[in-house]
Every structure is written in structure tokens, then in C-alpha cells.
Amino acid sequence: MIDTNILVIGNGFDLAHGLPTRYMDFMDYLSMAKTLYKNKTDPSARPNQTTIEGYINSQYTDVDTTLRNNLIGKYDRKWINSFPRQLSRVFAEKNCWYKYFDYLIYKKQLKGVNWIDFEAEISKVVQKIEHSPVVEEDRFKSMTNVQLYQIDRGVHEEILLNFMNAITYTFKTNEFNSFVAQLEKDLSDFINALDYYIAFIDGFSVEKRVTDIQEIDVDKVISFNYTDTYRRLYYPDMPDERIHFIHGKANRTLGDSASKLVLGTNDTLSNQEKDSNISCLKFKKYFQRIYKRTGNDYKRFLKDALERKKVSGESTQSYFFGHSLAATDGDVIRRVIEASDHVVIFYHDDMQHREAITNLVTVLGRDKLIEYAEERIEFCKQRE
């Protein structure tokens, strides 16, 4: 009898292979790119390549050497034409999401390695927008002691920061629509920059292989990453139909050249509101997954495994590696565990072990986790 082996991977999988895929790595890369952009677009203050190389290498000592060298290499006479459009648009159009995230990092309000922390900040923005009063022009004129948001193109990059720093905001209807539309566009540009970054590091040379992964005869992969690291390092010939990139894969675009990566928030509204309040729909991950056609292949994987079990008695083994098991992906995690006869959850250290158990309480419920821990879930420490 041959078992079906499903591998579920999160960002910790890429980190275990030495790839700079933390959100802090991406933000550092943008910060370096912005330094070059500012200098190259101001001829009166343009330093030579030696000066800019010295500055980048001294200011970003913790950043991956390949990332630094890549950007320094862009600093040449042909830079205006050759510098990646996906990066330059973030700075040329003063992206308000980049400004906001950069501010949070500077204030040490956003730190760590988990992309769920990044998405949690998007969720805070969306929830505040959805609960901000919106009034018509005539009614607004009769109101007193309110803060009115007005788009100022001159300080466009500050609009989100100002909004989140204000205790309350009251919008006029037309200005609310303009505000949300601007945030949608800027998030799309920010995701395009992320796509460029991920596609770039997806080509990094990686020498390390993880023993735990090498010993699994993987049939299907459910990837929450934007990279294609598993196939590149372990199974180059794995067909597309056997791997599902739930949040999209870098270097794939829609017809309008927008990135197909999914970066947003889970639903932020109550059951009573979610079907009627659609003002921030484009920030929701379920909308992006539908719009960007990332699909539901993982459901097919689980259905096929169940059919084989009925026909030939095959069991389903699932392996989670580098995934936080947080509630933001709870629907998928729960489906995989419930469809599996045996589940192995790899953890890096004791802190990650405790975090995985804590998160599973939220995803499965306490009683179900206790039951599964006794009969189907096994926690295993990663081997170096």
C-alpha cells in the first residue's frame, strides 16, 4: 500500500534554506533602492558609484550581500532606463503603504519574521476604514468638531499614516471613495514591488538541503510562499498540477500586468456586515484569491486522497514545515488535518513548538486538538 504524502510549507521553509524572505528583508531592500533612486534622480546631488557603494555597505550591514550588490550594480549610466519599474514606482509615486510600514518599523511597532504580522497591520487599517463614519455633503456641513479627510496630492505618501494616527475620522462620501481607491492602487504597486523582489531571490543559489524534507516522498505540495523553492531544490520535474501556490507565485501577472501575489487581510466584518459592507473588498485575501485565480487545488488534493482511501485503503500523511499554523490560514490548515490520517508538524525550537500548539487551539478548538494530539498529530523538532 502506498501512502499519499502532502507537504504544507510556509515562510519558515524558505528561511531554513537561507533565503531572505522575511518582510524585514523586503523592506530593507526597498530602503536601499530608495537611496539609489533619490540620488540618481537629483543630478545636483549625485554621488559617484564608489560613494554610493560605500554608503549602502555601511548602512545595511545586516542585509544579504547579494541584495546589496544587486542594487549597487544598478547604479550606472543606464539606470533611468534599466532600474526596475516595479521598484521605482513605489518611490516616484510616493507609495503610502511603503511609507506606513516604514514608519511602523522605525517606531518598532512592527517587528519579527512572520508575514502574518504584516497582514495584521493591513487588517487594522481596513477595520478602521470600515468603521469610519461616511456622510453626504449636506449633512457634513451641519456637523461640528469633526476631522475631514481631504486628499492632498502633495503629501500623498502621508495620507495613510495621518489617517491611522488620528483618533477618529469622518469622511464625505466622494472623498471616502477617493481615499479607498488610492489605497487600493498603492497596495497593488506595493505588491508588484514584492513580486519583483521574490522573483529575484527565487533565483538565488542555495546549497543547503533539509534532511527532514529529503526523506519525504512528496506527492503534493501546498505552498503558502511566493517562491518555488521546493521544486527548485528537491523535485524540479514536479508537474504544476501537483503544487498549489495558495497566495500566488512570483513572476506571474494578470492581463493588466498586475502581480498575482495575494497580500491582504482575512475578513474583518461580522456575519451581518460582510455581505453588505464591500468598501474594502479588494484588501481581503479571499477576493484577491478569486480575482487573481490562485485556485482551490488543495481541495482537489484532499478529495483525491480521500477517494484513494475509499478505493484502495491508502492513508494520507501530511507534513507541515515552516508554517506558523496561525488562524489567518485556519480554513486550509483545518481541512488538511481533518483529511489526514497522520500529521507531522516540524518546529525549529521550543518557542515555535509552543506557538504551534497555541495557534492550533484557535484553529481546531481545544477539545479537537487534544483528541488529534493523541491519535493523529505528531510534533517533531527539525534536524539541522
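Details of the structure are given in the entry above.
Scoring rules and cut-offs
- Residues numbered from 1 in each chain as written.
- Predicted model: local features only at pLDDT ≥ 70, side-chain atom pairs only at ≥ 80, totals over all residues.
- Heavy atoms only, no water.
- Salt bridge = Lys/Arg side-chain N within 4 Å of Asp/Glu carboxyl O.
- Helix = DSSP H or I, 4+ residues; strand = E, 2+ residues; numbered from the N terminus.
- Buried < 20%, exposed > 50% of the residue type's maximum accessible area, 1.4 Å probe, protein only.
- Pairing = 2+ DSSP bridges.
- Expected span 1.5 Å × (residues − 1).
- Contact = heavy atoms within 4.5 Å.
- Arc of directions from axis to C-beta.
- Axes fitted to C-alpha atoms, helices over the stretch in contact; angles between N-to-C directions.
- Core = buried A, V, L, I, M, F, W, Y, C linked by side-chain atoms within 4.5 Å.
- Parallel < 35°, antiparallel > 145°, perpendicular 65-115°, else oblique.
- Nonpolar A, V, L, I, M, F, W, Y, C, P; charged D, E, K, R; others polar.
- Left-handed = near helix turned anticlockwise from the far one by under 90°.

Undergrad: I'd like a rundown of the pattern of salt bridges, residues and numbers included.
TA: In the structure shown here, the tally under the stated rule is 25 salt bridges. The salt bridge involving Asp202 is made with Arg232; its shortest N-O contact spans 3.9 Å. With Asp202 in the loop between α11 (173-201) and α12 (211-214) and Arg232 in helix α13 (residues 229-233), the pair connects residues that are 30 residues apart, well separated along the chain. The class of Asp202 is buried, set by a relative accessible area of 13%. For Arg232, a relative accessible area of 30% corresponds to the partly exposed category. For Arg383, the salt bridge identified is with Asp212, shortest N-O distance 2.9 Å. Of this pair, Arg383 sits in the segment after β8 (377-381) while Asp212 sits in helix α12; the two residues are 171 residues apart in sequence, bridging distant segments of the chain. On the basis of relative accessible area, Arg383 is assigned to the partly exposed category, the value being 41%.

Undergrad: Summarise the pairing of strand β1 (residues 4-9); cite the residues concerned and give the values.
TA: Of all six residues making up β1, six are buried, and the element is well covered by its neighbours. By the alternation rule, side chains of β1 split into Thr4, Ile6 and Val8 and Asn5, Leu7 and Ile9, which are all buried. Note that β1 and strand β6 (residues 316-321) share six bridges and pair parallel. Paired with Thr4 across the two strands is Thr316, which belongs to β6.

Undergrad: Run through helix α8 (residues 115-130), naming residues and quoting values.
TA: End to end, α8 covers 23 Å across 16 residues, agreeing with the expected 22 Å (1.5 Å per residue, within 8%). Looking only at α8, the buried set comprises Trp115, Phe118, Glu119, Glu121, Ile122, Ser123, Val125, Val126, Lys128, Ile129 and Glu130. In this structure, the buried residues of α8 make contact with α1 (11-16), α2 (23-40), α7 (96-106), α10 (159-165), α11 and α14 (285-291).

Undergrad: Tell me about the environment of Ile198, residues and numbers included.
TA: Mapped onto the secondary structure, Ile198 falls in helix α11. On the accessibility criterion, Ile198 (3% relative accessible area) is buried. Counting along the chain gives 27 residues from Ile198 to Asn225, while the straight-line C-alpha distance between them is 9.7 Å. Beyond its immediate chain neighbours, meaning those up to four positions away, Ile198 contacts Tyr226, Thr227 and Ala250.

Undergrad: An account of helix α15 (residues 297-312) is needed here, citing residue identities and associated values.
TA: Three or four residues apart is the spacing at which side chains of an α-helix point the same way, because the helix has 3.6 residues per turn. Taking 1.5 Å as the rise per residue, α15 with 16 residues should run 22 Å; its terminal C-alpha atoms sit 22 Å apart, in good agreement. Within α15, the full set of buried residues consists of Tyr298, Phe301, Leu302 and Ala305. Buried residues in α15, looked at end-on, bunch into an arc of 90°, giving them a common side. Turned more than 90 degrees off the buried face of α15, the exposed positions are Lys303, Lys310 and Val311. The elements touched by buried residues of α15 are β1, β4 (220-223), β5 (243-245), β6 and α16 (330-339). In the segment just after α15, Gly313 is the residue with positive phi, at about 80°.

Undergrad: Summarise unusual backbone geometry; cite the residues concerned and give the values.
TA: Here the phi dihedral of Arg293 falls at roughly 55°; this positive angle occurs in a residue that is not glycine. Overall, the relative accessible area of 63% leaves Arg293 in the exposed class.

Undergrad: Before we move on, could you go through the sheet that holds β1 and cite the residues and values that matter?
TA: Spatial strand order, β5-β4-β1-β6-β7-β8: six strands in an open sheet with parallel pairing. With partners counted over all chains shown, the strands left at the sheet margins are β5 and β8, one partner each. When the angles between neighbouring strand axes are averaged without regard to direction, this sheet yields 15°. Inspection of the sheet shows β4 paired to β5 by three bridges, in the parallel sense. Considered in β5, the bridge of Ile222 is made with His244.

Undergrad: Tell me about the nonpolar core, residues and numbers included.
TA: Membership of the largest hydrophobic core comes to 86 residues, with the highest contact counts inside it found for Trp97, Phe101, Leu183, Phe190 and Tyr230. Considering every element that reaches this core, the biggest residue donor is α11, with 13 residues. In this structure, Val8, Tyr298, Ile345 and Ile377 belong to the second largest nonpolar core, which totals 23 residues.

Undergrad: Would you mind going over the packing of α2 against α8 in detail, with residue names and values included?
TA: Orientation of α2 relative to α8, taken along the N-to-C sense of each, is 70°, at an axis distance of 8 Å. Here α2 lies roughly perpendicular to α8, going by the angle between them. Every residue of α8 that contacts α2 at Tyr23, Phe26 and Met27 is listed here: Trp115, Asp117 and Phe118. In terms of residue class, the contact of α2 with α8 is built from five nonpolar, no polar and one charged.

Undergrad: Outline the packing of helix α4 (residues 65-73) against α11, listing residues and values.
TA: Interaxial distance between α4 and α11 falls to 12 Å at its minimum, and their mutual angle equals 115°. Classified by chirality, the crossing of α11 by α4 is right-handed. Across the interface between the two elements, Thr66, Leu67 and Asn70 of α4 pack against Tyr196, Tyr197, Phe200 and Ile201 of α11. For the contact of α4 with α11, the residue count by class is five nonpolar, two polar and no charged.

Undergrad: Describe in detail the environment of Asp329, supporting the description with residues and values.
TA: Here Asp329 shows up in the loop between β6 and α16. For Asp329, a relative accessible area of 8% gives the class buried. For the pair Asp329 and Ile246, spaced 83 residues apart in the sequence, the C-alpha separation amounts to 9.9 Å. Once you skip the residues sitting within four places of it in the chain, Asp329 turns out to touch Phe224, His247, Lys285 and His323.

In short, shape yes, function no, at least from these values alone.
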